[in-house]
Amino acid sequence: MLKGYQIIDADSHVYEPFEMWRDYLEPAFKNFAPSIDLKIDNEVIVHKLSNEVKVAGTKQITQIYPVSAINRFDSESHVRAMKEMGIDVSFIYPTYGLWILAVDSMQPALAGAFTRAYNNWLQDFCSYNPQILKGVGLINLHSPEEMVTELERIAGFGWKAVMIRPNPVKGRLLSHPSYEPFWTKCEQLGIAVAIHEGTHSRLPTTGADRFNTRFAMHACSHPMEQMMALLALIEGGVLERHPRLRISFMESGCGWLPYWLWRLDEEYRNLQWEIEETVKMKPSEYFRRQCFIALEPSEPYLAEIIQYIGSDNLIFGSDYPHMDHNPDIVNQIIALEEQLSPKTIKKILWDNPACFYGLI
């Protein structure tokens, strides 16, 4: 608890130790374990990630969390950092896993092996303190026929959420018919689906075809791919067919949301006839009904956003321990207090993420 608030960190991360892939991959796939220079079978798995950015990121992270870095961001380090930040419960997402499963040319069977290895390792990671360390499972979009099987296996862990990327995989949008059994099973099991982007991936990514710096690519990838993902889920009828499905959009801020919902509502007003079989109400109504979005406390227009979408759909994620993570949660709460009421802040820090993750 911090400043009187209980806090659910809806989006924290692990740094997977590289040897864990060899340890946890099934025997037939151990030779494909990624190397420390981010290669699989001598093929680089990232796109336009410069050595300068790698060095700067490592230096920044090490300066903020020197003890955690020495301990390689293990479970104990994660819990210690949570206590230092005032976080009560932490939902955990991958780092290298965001890239490993984002190689569009990867064979589906190999992607499945990486998915199972990561989920098994994360289960062990969270077993250090499962009351406060909550795993968010990976799902293999390369192999639609495996998605339900892995989802059911993850549910057997007691986990409440899975993560997918917003980008097209092998040409398939999130609304592709082959994913329909997955959406159906998520709704049946009450498993939330978090959509999380990652810059420098080898999937089609907005901005990556025209910019080369992390500055530009990171600015584009997270919000713009999330915009495309929300559009795909609405335009393709996923949210219409699955009204009890819970979706979140992570690590992209929320400032883009009012404009995008307004824009989609305008397009719907003019072109409803074109999509009337799959979209039965205004796009903004789908979002308010079943979607959540992670805000940044420093965004200057949160009060206006809440006036537009309400206060039930906003959640908070620290992004620990990534290079753009801000460990000063106290000042982030102060930034929220400058714009919002304590009741609204409580909803953002606890009530809304508890609803999304099925804790209540």
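For the structure itself, consult the block above.
Here goes a summary of the coordinates provided. In this text, all values refer to a predicted model and were calculated from it rather than measured experimentally.

Procedures and definitions
- Throughout, a residue's number is its position along its own chain's written sequence, starting from 1.
- With the structure being a predicted model, the display of local features is reserved for residues of pLDDT at least 70 and the display and counting of side-chain atom pairs for 80 or more, all residues being used for whole-chain, interface and lining totals.
- Just so you know, side-chain values use all the structure's heavy atoms and leave hydrogens and water out.
- A pair is scored as a salt bridge if a Lys or Arg side-chain nitrogen falls within 4 Å of a carboxyl oxygen belonging to Asp or Glu.
- The helix and strand labels rest on DSSP assignments: H or I over at least four residues marks a helix, E over at least two residues marks a strand, and numbering proceeds from the N terminus.
- Relative accessibility under 20% of the residue-type maximum defines a buried residue, over 50% an exposed one, and the middle range a partly exposed one, all with a 1.4 Å probe and only protein chains included.
- Strands pair, by our definition, only if DSSP identifies at least two bridges between them.
- Axis definition: a line fitted to C-alpha atoms, over the contacting stretch in the case of helices. Angles run 0 to 180 degrees between N-to-C directions.
- In this analysis, the protein atoms alone were mapped onto a 1 Å grid. Cavities are point sets where a 1.4 Å probe fits without being able to get out; pockets are open sets with protein on both sides within 12 Å along at least five of seven lines; lining residues have an atom within 4 Å of a point.
- Grid points are joined across faces, edges and corners, and a volume is the space filled by probe spheres set on the points.
- Throughout, the ten residues Ala, Val, Leu, Ile, Met, Phe, Trp, Tyr, Cys and Pro are labelled nonpolar, Asp, Glu, Lys and Arg are labelled charged, and all others, Gly among them, are labelled polar.
- Any angle that falls under 35 degrees is termed roughly parallel, while one over 145 is termed roughly antiparallel, one within 65 to 115 roughly perpendicular, and all others oblique.
- In a left-handed crossing the near helix is turned counterclockwise from the far helix by less than a right angle, and in a right-handed crossing that turn is clockwise.
- Whether two residues are in contact is decided by their heavy atoms: any pair within 4.5 Å suffices.

### Here's the deal with the pattern of salt bridges
Link 1 in the chain: Taken as a whole, this structure holds 15 salt bridges when the rule is applied.
Link 2 in the chain: With its nearest N and O atoms 3.7 Å apart, the salt bridge here joins Arg 116 to Glu 146. Pair noted here: Arg 116 is in helix H6 (residues 108-126) and Glu 146 is in helix H7 (residues 144-156), with a separation of 30 residues, a long-range link.
Link 3 in the chain: Residues Lys 346 and Asp 351 are paired through a salt bridge, measuring 3.0 Å at the closest nitrogen-oxygen approach.
Link 4 in the chain: Judged by relative accessible area, which is 43%, Lys 346 ranks as partly exposed.
Link 5 in the chain: Residue classification places Asp 351 among the partly exposed residues on the basis of a relative accessible area of 23%.
Link 6 in the chain: One connected set of salt bridges, linked through shared partners, spans Glu 26, Arg 116 and Glu 146.

### Comments concerning the sheet that holds strand S5 (residues 133-135)
Link 1 in the chain: Across the sheet, three strands lie side by side as S1-S4-S5; this open sheet has parallel pairing. Both edges of this open sheet fall to strand S1 (8-13) and S5, since each of them pairs with a single strand only. Going from strand to strand, the sheet's axes swing by 35° on average, the running direction of each strand aside.

### Brief notes about the layout of surface pockets
Link 1 in the chain: Its boundaries defined by the atoms lining it, the largest pocket holds a volume of some 900 Å³.
Link 2 in the chain: Forming the walls of the largest pocket are 35 residues, and the residues nearest its centre are Tyr 15, Thr 58, Ile 61, Thr 95 and Tyr 96.
Link 3 in the chain: Listed by contribution, the elements that provide at least two residues to the lining of the largest pocket are helix H1 (18-24), helix H2 (51-64), helix H5 (96-100) and helix H9 (214-235).
Link 4 in the chain: Sorting elements by how many residues they give to the lining of the largest pocket places H2 first, with six residues.
Link 5 in the chain: A per-class count over the lining of the largest pocket returns 14 nonpolar, eleven polar and ten charged.
Link 6 in the chain: Its boundaries defined by the atoms lining it, the second largest pocket holds a volume of some 390 Å³.
Link 7 in the chain: Glu 251, Leu 295, Glu 296, Asp 319 and Asp 324 are the residues nearest the centre of the second largest pocket, which is lined by 21 residues in total.
Link 8 in the chain: Taken together, the residues that form the lining of the second largest pocket break down as six nonpolar, ten polar and five charged.

### Looking at the packing of H7 against helix H8 (residues 180-189)
Link 1 in the chain: Closest axis-to-axis distance for the H7/H8 pair is 9 Å, and the angle between their directions is 20°. Between H7 and H8, the angle is such that the two are roughly parallel. Viewed along their axes, H7 and H8 form a crossing whose handedness is right-handed. Within the contact between the two elements, H7 uses Met 147, Val 148, Leu 151, Glu 152 and Ala 155 and H8 uses Pro 181, Phe 182, Lys 185, Cys 186 and Leu 189.
Link 2 in the chain: Taken together, the residues of the contact of H7 with H8 sort by class into eight nonpolar, no polar and two charged.

Nothing here speaks to function; it is geometry throughout.
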